[in-house]
Amino acid sequence: MAVATGRKTAEERREAVLEAALEEFAARGLEGGSTEAIAKAVGISQPYVFRLFGTKKQLFMATVERCLRGTLEMMRTASAGLKGEAVLEAIGETYMQRLGNPTYLHAQMQSYAACGDPDIREVVRRGYGELVEYVERASGLPTERVAHFFAKGMLLNVVASLDLLQADEGWAQRLLDGCQKDV
């Protein structure tokens, strides 16, 4: 029988780094994100972060992949067993709930902002494409409806970035009211 030593495996540390990196990059982006802060959050050395991921850019790309995979899993879970508009409604409702803890939404926005780099753009395009293809397949709806759904999702990312859930301005409340209709 193996005895637990309390030490984490490289894979466990890798997962912990990705979780800390999601928070750091969501808040500060690729350029502003600090691998030192990520290492400190996990309780490891900065050189170990680089041993696990190679470069800051590779860590960012792995974080983006994980973030988009998490969004895809959220979509699959929310829409399991549904078809048509019910798929969009279920995903939309779950996505609206994410506004309360917008880390994934901020991370997605940061990934789009970093798409000037062709390697990052490829990772983002692949992950975003998987989201679109899943919604197309699961819902079976026309292209125009799927495009409208993703346009609204992008608006929700902007809502999260602007912290409009706490806003007092009339325009912000009207925009939020509009987002909650026709989910």
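A short tour of the structure in this document, coming up. (Residues numbered from 1 in each chain as written. Predicted model: local features only at pLDDT ≥ 70, side-chain atom pairs only at ≥ 80, totals over all residues. Heavy atoms only, no water.)

### So, empty space enclosed by the protein
Part 1 of the reasoning: Applying the stated criterion to the full structure yields two cavities of 30 Å³ or more.
Part 2 of the reasoning: There is about 190 Å³ of room inside the largest cavity.
Part 3 of the reasoning: As for the largest cavity, its lining consists of 19 residues, of which Y95, F149, F150, G153 and M154 are closest to the centre.
Part 4 of the reasoning: Those elements that provide at least two residues to the lining of the largest cavity are α4 (56–79), α5 (85–98), α6 (103–113), α7 (118–139) and α8 (143–161).
Part 5 of the reasoning: Broken down by element, the lining of the largest cavity gets its largest block of residues, seven residues, from α8.
Part 6 of the reasoning: Within the lining of the largest cavity, the residues separate by chemical class into 13 nonpolar, five polar and one charged.
Part 7 of the reasoning: F25, F60, T63, V64, C67 and A107 are the residues that line the second largest cavity.
Part 8 of the reasoning: At four residues, α4 tops the list of elements feeding residues into the lining of the second largest cavity.
Part 9 of the reasoning: Each residue belonging to the lining of the second largest cavity can be placed in one class, and the counts come to five nonpolar, one polar and no charged. (1 Å grid on protein atoms, 1.4 Å probe; cavity = no way out; pocket = protein on both sides within 12 Å on 5 of 7 lines; lining within 4 Å. Points joined across faces, edges and corners; volume = space filled by probe spheres on them. Helix = DSSP H or I, 4+ residues; strand = E, 2+ residues; numbered from the N terminus. Nonpolar A, V, L, I, M, F, W, Y, C, P; charged D, E, K, R; others polar.)

### Concerning unusual backbone geometry
Part 1 of the reasoning: If you check the backbone angles, D163 has positive phi at about 55° while not being a glycine.
Part 2 of the reasoning: The residue D163 is located in the loop between α8 and α9 (170–180) in this model.
Part 3 of the reasoning: Relative accessible area serves as the criterion here: at 47%, D163 is assigned to the partly exposed category. (Buried < 20%, exposed > 50% of the residue type's maximum accessible area, 1.4 Å probe, protein only.)

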